[in-house]
Amino acid sequence: MEKRKVWQEGAAKNITFIVTKDCQLVCKYCYLVGKNIKERMPWEVARQAIDYILDDTEQFNERSVVFDFIGGEPFLEIDLIDRICDYIKCQLFARNHPWFDSYRFNFSTNGINYHDEKVQRFIKKNLRHLSIGITIDGTPAKHDLNRIYKSGKGSYNDVAKNIPLWLEQFPGGATKVTISSPDIPYIKESVLHLFALGITEVNINCVFEDVWREGDDTLFEEQLIGLADEIIEKRLYGTHGCSFFAEHIGKPLDRKLQNQNWCGAGMMLAVDAAGYFYPCTRFAQYSLRDKKARIIGNVREGIDPNKLRPFLALDRCTQSTDECIDCEVSSGCAWCQGENYDAACTPTIYQRSTAICRMHKARVRANNYYWNKLYRKLETEGGREGFKKTVVNVIC
Amino acid sequence: MLQYLIILLDDTSVSFCHYRNTNSNRRLIALDGLKAGILFAMKHNLMVQFVYPDYELPESYATVIESIDHHKIKPFSLKEDASVVVYDYREAVSDQTLNRNEKTTLVLRITKDELFSGYEEVIHFLKRSNRLSLVITDTDTFRKEDFDTYKKVLSHLESAIPEALKENDDMPQLNILSDRIQLEKMNNCNAGVENITLAPNGKFYVCPAFYIEDENDSAGNPAEGITISNRQLYTLAYAPVCRKCDAYHCKRCIWLNKKTTLEVNTPSHEQCVTAHLERNASRNLLNELHAKGFFPNKEIREITCLDPFEWKE
Ligand code: SF4
Ligand code: SF4
Ligand code: SF4
């Protein structure tokens, strides 16, 4: 199956409103170390941010725009979001802005209040310009291992009941699954469970934090090989996608020709409740364990272009060690600039964290197995030629 | 490779570079600390540069200082026997004793406003010096109109050099114009890589500015050695904007980098544009000197974009 193209990929500016730092859940792997109920975005801050962005068509000159709303849980602030989206639409029209009819609102939600009347009203009003991803981690056991309420109760049932409505409104909707060390034994059954729920695209990745234990890579590889067998045996490869398996990963990369940065921090823009701008939400204080927030401006004075330069100048080799530069399986080995910054031994974005190394290598082995097995099968059945290459992976 | 050790003799030691030292409380380096620094320099083959405050040091210090090859960086008020004399604009205007036979290097720390309104005084000062190093102390505040003014000022300074040539046999050197003509490769400050600073508290710092700004930001000491984390980021190879640049004379000030972009390896737009205006003015000067038969084999190619960050690879 072919991956759905991310809307206007590359040509669109991503602008993220951190509307709240509150969430109903306290997921164990959540990188948001500073979640709280106090920091809700005031309307005035949102309005100033929008005016600043729409005023400056020279700086924000991309063909299209994706407005992301994140939290905590963004739908906790549905009234504010509705007001923001209405204001954006009115302003785009009033200003005859190039983004008029070339904008999108995007949400990653935990899905708990997806059925809520106000949320539903908002969805119906904006459906044509909306993408929503619901995070569901897999089987009830896997999901409830991490995605729990403050009381300790799992959230699976409350999310799963909203999946049919979501898939009806967003056919082909994708979900994002995050794997941490304790989740490994559940990977295979979880992905298959999500497929069974009707979700045909599962974007899944290992967390970038240094959480991995001895033996995790072997277990991970076993799970992926088991999953590969199932996908091939049940012939799901033509209709379903799991981002763990991607043909381009696990190859060496050229120092010069394949020297691009992986992560999009700096091309994106995030704004928080206090009106500060960040190169991505991962650089806001509530996302950082050990470092100071990387503020690049604010809604009153605008963006300081000097603070963006290090992000835009980043390339793969300058931030990597020789081991990574010369690595035989480096393609697809991802990083998150925010995690790099947080884990670095100085306050720099130029030190790549490699906590994921063994997990990537395990993924590559399982991925090679998958493609060898699949192509052999297609070869023997005479269907290889017609088979379209599958998904590319998505990290954030 | 490490080549220089800068020793700040006192907390009030004169600034010879971009940073401001507003400390007025004296704290002289301990004699043992000074000896430890000198021993470190000897063991690592480092040339020492002592940076003086504006008062006479005790005799015991003078003896220890004379125990190693060195340069003395001194404020104008103590300029006797200095290798480098640091002036501010007011002092440069007032010093009428200077003559071109003195082989010392002069550092003139100047603000953009002083330079823009007083460039004729600077030319006068330049003509009386052998080598002048101009340090604009507030390049980070340059705006578009300042770049335009700076370009004009540079063209005045540039014409002063051939004029001085008529009056003397050799040309005075002005860092921002002469250095680029002579250099074949990058010659940046290289703090943290080629030089390290010993502060009066007995600890190493990447450069004096890092000490003045945050005493906690130390980088080892003579007993334990230099401990700069992510030291590779101070080198040209790890500076993605600078490594494709040919403003060879640029200081590539990593302290300013950190201050303006939050990364030691990434320069600000202002640092790049000022350095490129200087580079282009050096090119004009070189063309003039070619006509007079100087530097026939040197060439600086023409470029129009003033910020390598904006160059497409
Ligand atoms: S982290 Fe490991 S797998 Fe990834 S590029 Fe570096 S050496 Fe290769
Ligand atoms: S880094 Fe170098 S150029 Fe910058 S202030 Fe320090 S010594 Fe001067
Ligand atoms: S001009 Fe800019 S890019 Fe060139 S060396 Fe100086 S700081 Fe670096």
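Fair warning: this is a prediction, and the values are worked out from it, not measured in the lab.

Caption draft 1: Focus on the overall build of chain B. Within chain B one finds 9 helices and 11 strands. The C-alpha radius of gyration computed for chain B amounts to 20 Å, which stays within 12% of the reference 20 Å derived for 313 residues, consistent with globular compactness. Within chain B, buried positions represent 57% of all 313 residues. Considering only intrachain contacts with a sequence separation of at least 6, the fraction spanning at least 24 residues in chain B is 63%. When the accessible area of chain B is evaluated, it comes to approximately 14,200 Å², of which 47% is carbon and sulfur surface. If you average the places of the 37 positive and of the 46 negative side-chain charges in chain B, the two averages end up 4 Å apart.

Caption draft 2: Structural view of the overall build of chain A. Helix and strand counts for chain A stand at 13 helices and 11 strands. Relative to its length of 396 residues, chain A is compact, with a C-alpha radius of gyration of 21 Å against a globular reference of 21 Å. When the backbone C-alpha atoms are referred to their principal axes, chain A occupies close to 60 × 50 × 45 Å. Within chain A, buried positions represent 60% of all 396 residues. Long-range contacts, defined here as pairs at least 24 residues apart, represent 78% of the contacts in chain A between residues at least 6 apart. Surface exposure of chain A reaches about 17,000 Å², of which carbon and sulfur atoms provide 52%. Of the charged side chains in chain A, 53 are positive and 52 negative, and the gap between their average positions amounts to 1 Å.

Caption draft 3: Region of the structure containing the pattern of salt bridges. Residues and elements named next belong to chain A. Tallied over the full model, the rule gives 51 salt bridges over all chains. Salt-bridge contacts for Lys13 lead to Glu62; the nearest nitrogen and oxygen are separated by 4.0 Å. With Lys13 in strand E1 (residues 12-18) and Glu62 in the loop between helix H1 (43-55) and strand E2 (64-70), the pair connects residues that are 49 residues apart, well separated along the chain. Across the pair Asp86 and Lys125 runs a salt bridge, and its minimum N-O distance is 3.1 Å. With a gap of 39 residues between them, Asp86 in helix H2 (residues 78-94) and Lys125 in helix H3 (residues 117-126) connect regions that are remote in the sequence. Overlapping salt bridges bring together Glu44, Arg47, Asp51, Asp55 and Arg95 as one network.

Caption draft 4: Just the interface of chain A and chain B, in detail. Counting residues at the interface gives 17 residues for chain A, matched by 21 residues for chain B. If you sort the residues of chain A by the area they bury against chain B, Asn306, Arg309 and Thr318 of chain A come out on top, with a joint share of 40%. Across the contact surface, chain A and chain B share 3 salt bridges. A salt bridge links Arg243 of chain B to Asp315 of chain A; the shortest N-O distance between them is 2.8 Å. At the junction of chain A with chain B, the criterion picks out 12 residue pairs in polar contact (both at pLDDT 80 or more). Of all the elements, helix H9 (residues 305-313) of chain A adds the most residues to the side of chain A that touches chain B, at 6 residues. In terms of residue class, the side of chain A that touches chain B is built from 7 nonpolar, 5 polar and 5 charged.

Caption draft 5: The site of ligand 3, seen in detail. All names here are of chain B. Around ligand 3 sit Met186, Val241, Cys242, Cys245, Ala247, Cys250, Pro267, Cys272, Ala275, His276 and Pro308, and those are all the residues in its vicinity. Taken atom by atom, the bulk of ligand 3 overlaps the second largest cavity. Here the shell around ligand 3 is composed, by residue class, of 10 nonpolar, 1 polar and no charged.

Caption draft 6: Quick look at the site of ligand 2. Inspection of the region around ligand 2 gives Cys17, His18, Tyr19, Cys189, Ala191, Cys207, Lys251, Cys253, Ile254 and Trp255 of chain B as its neighbouring residues. Tallied by class, the residues present in the shell around ligand 2 amount to 8 nonpolar, 1 polar and 1 charged.

Caption draft 7: Seen up close, the sheet that holds strand E8 (residues 195-198) of chain B. Residue and element names in this part refer to chain B. Spatially, the 9 strands line up as an open sheet ordered E7-E6-E5-E4-E3-E2-E1-E8-E9, and their pairing is mixed. Every interior strand has two partners, whereas the edge strands, strand E7 (173-174) and strand E9 (204-205), have only one. The pairing of strand E4 (residues 84-88) with strand E5 (residues 105-110) spans 5 bridges and is parallel. Note on E5: the bridge partner recorded for Asp88 is Arg109. Of the strands in this sheet, strand E1 (4-8), strand E2 (47-51), E8 and E9 touch helix H1 (residues 31-43), which is tilted by about 170° from E1.

Caption draft 8: Spatial organisation of helix H9 (residues 269-291) of chain B. Here H9 of chain B contains 23 residues, and its C-alpha end-to-end distance of 33 Å stays within 8% of the 33 Å for a straight helix at 1.5 Å per residue. Following H9 of chain B by one or two positions, Gly293 of chain B adopts a phi angle in the positive range, close to 90°.

Caption draft 9: Quick look at empty space enclosed by the protein. Residue and element names in this part refer to chain B. Tallied over the entire structure, the rule returns 4 cavities of 30 Å³ or more. Size it by volume and the second largest cavity reaches roughly 100 Å³. What lines the second largest cavity is a set of 13 residues, among which Cys242, Cys245, Cys250, Pro267 and Cys272 lie closest to the centre. Here the lining of the second largest cavity is built from residues that sort into 9 nonpolar, 3 polar and 1 charged.

Caption draft 10: Just the sheet that holds strand E6 (residues 201-206) of chain A, in detail. Overall, parallel pairing links the 3 strands, which are arranged E5-E6-E7 (chain A) in an open sheet. Across the chains shown, the open sheet's two edge strands, defined by having one partner strand only, are strand E5 (174-179) and strand E7 (241-242) of chain A.

Caption draft 11: Representation of the pairing of E5 of chain B in the model. All names here are of chain B. Counting buried residues in E5 gives 5 out of 6 residues, a clear majority hidden from the surface. Since E4 and E5 lie parallel, the crossover through helix H3 (residues 89-94) that links them has a hand, and here it is right-handed. Bridge count between E5 and strand E6 (residues 131-136): 6 bridges; the pairing is parallel. By the bridge assignment for E6, Leu108 is matched with Leu134. Regarding topology, helix H4 (residues 112-127) serves as the crossover connection from E5 to the parallel E6, and that connection is right-handed.

Caption draft 12: Fine view of the packing of aromatic side chains. What the rule picks out here adds up to 29 aromatic pairs over all chains. Between Tyr103 of chain A and Phe105 of chain A, the ring centres sit 5.2 Å apart and the planes meet at 50°, which makes this aromatic pair tilted. Taking the relative accessible area as the measure of exposure, Tyr103 of chain A reaches 6% and is therefore buried. An aromatic cluster is present here, built from Phe17, Phe67, Phe69, Phe75, Trp99, Tyr103, Phe105, Phe107 and Phe122 of chain A joined pairwise through their rings. Between the NZ or CZ atom of Arg26 of chain B and the centre of the ring of Tyr55 of chain B, over which it lies, the distance is 3.8 Å. A cation over an aromatic ring shows up here: Lys74 of chain B above the ring of Tyr52 of chain B, its NZ or CZ 4.5 Å from the ring centre.

Caption draft 13: Inspection of the pairing of E5 of chain A at higher detail. All names here are of chain A. Counting buried positions over the 6 residues of E5 gives 5, a clear majority of the element. Pairing geometry for E5 and E6, over 6 bridges, is parallel. Its bridge partner being in E6, Lys176 is matched across the sheet by Asn203. What joins E5 to E6 is helix H7 (residues 187-196), and the crossover it makes is right-handed.

Caption draft 14: Highlighting unusual backbone geometry. Cis geometry is adopted by the peptide bond preceding Gly72 of chain A, which originates at Gly71 of chain A and carries an omega value of 25°. Within the fold, Gly72 of chain A resides in the loop between E2 and H2. The phi dihedral of Asn230 of chain B is positive, around 50°, even though this residue is not glycine. Along the polypeptide, Asn230 of chain B turns up in the loop between strand E11 (225-226) and helix H8 (254-261). At Phe295 of chain B, a position not held by glycine, the phi torsion is positive, near 45°. Within the fold, Phe295 of chain B resides in the segment after H9. With a relative accessible area of 22%, Phe295 of chain B lands in the partly exposed category.

Parameters and conventions
- Residues numbered from 1 in each chain as written.
- Chains lettered and ligands numbered in written order.
- Predicted model: local features only at pLDDT ≥ 70, side-chain atom pairs only at ≥ 80, totals over all residues.
- Heavy atoms only, no water.
- Helix = DSSP H or I, 4+ residues; strand = E, 2+ residues; numbered from the N terminus.
- Rg over C-alpha atoms; globule rule 2.2 N^0.38 Å.
- Buried < 20%, exposed > 50% of the residue type's maximum accessible area, 1.4 Å probe, protein only.
- Contact = heavy atoms within 4.5 Å.
- Areas by Shrake-Rupley, 256 points an atom, 1.4 Å probe, with all protein chains shown as cover.
- Lys, Arg positive; Asp, Glu negative; His and termini not counted.
- Charge placed at Lys NZ, Arg CZ, Asp CG, Glu CD.
- Salt bridge = Lys/Arg side-chain N within 4 Å of Asp/Glu carboxyl O.
- Buried area = accessible area lost by both parts, 1.4 Å probe.
- Polar contact = N/O pair within 3.5 Å; in protein donor to acceptor, adjacent residues only side chain to side chain.
- Nonpolar A, V, L, I, M, F, W, Y, C, P; charged D, E, K, R; others polar.
- Near = heavy atom within 4 Å.
- 1 Å grid on protein atoms, 1.4 Å probe; cavity = no way out; pocket = protein on both sides within 12 Å on 5 of 7 lines; lining within 4 Å.
- Sits in = over half its atoms within 2 Å of the grid points.
- Pairing = 2+ DSSP bridges.
- Axes fitted to C-alpha atoms, helices over the stretch in contact; angles between N-to-C directions.
- Expected span 1.5 Å × (residues − 1).
- Points joined across faces, edges and corners; volume = space filled by probe spheres on them.
- Right-handed = clockwise from strand over helix to strand, strands pointing away.
- Phe/Tyr/Trp six-rings, centres within 6.5 Å; stacked < 30°, edge-to-face > 60°.
- Lys NZ or Arg CZ within 6 Å of the ring centre and 35° of its normal.

Distances and angles like these do not, on their own, reveal function.
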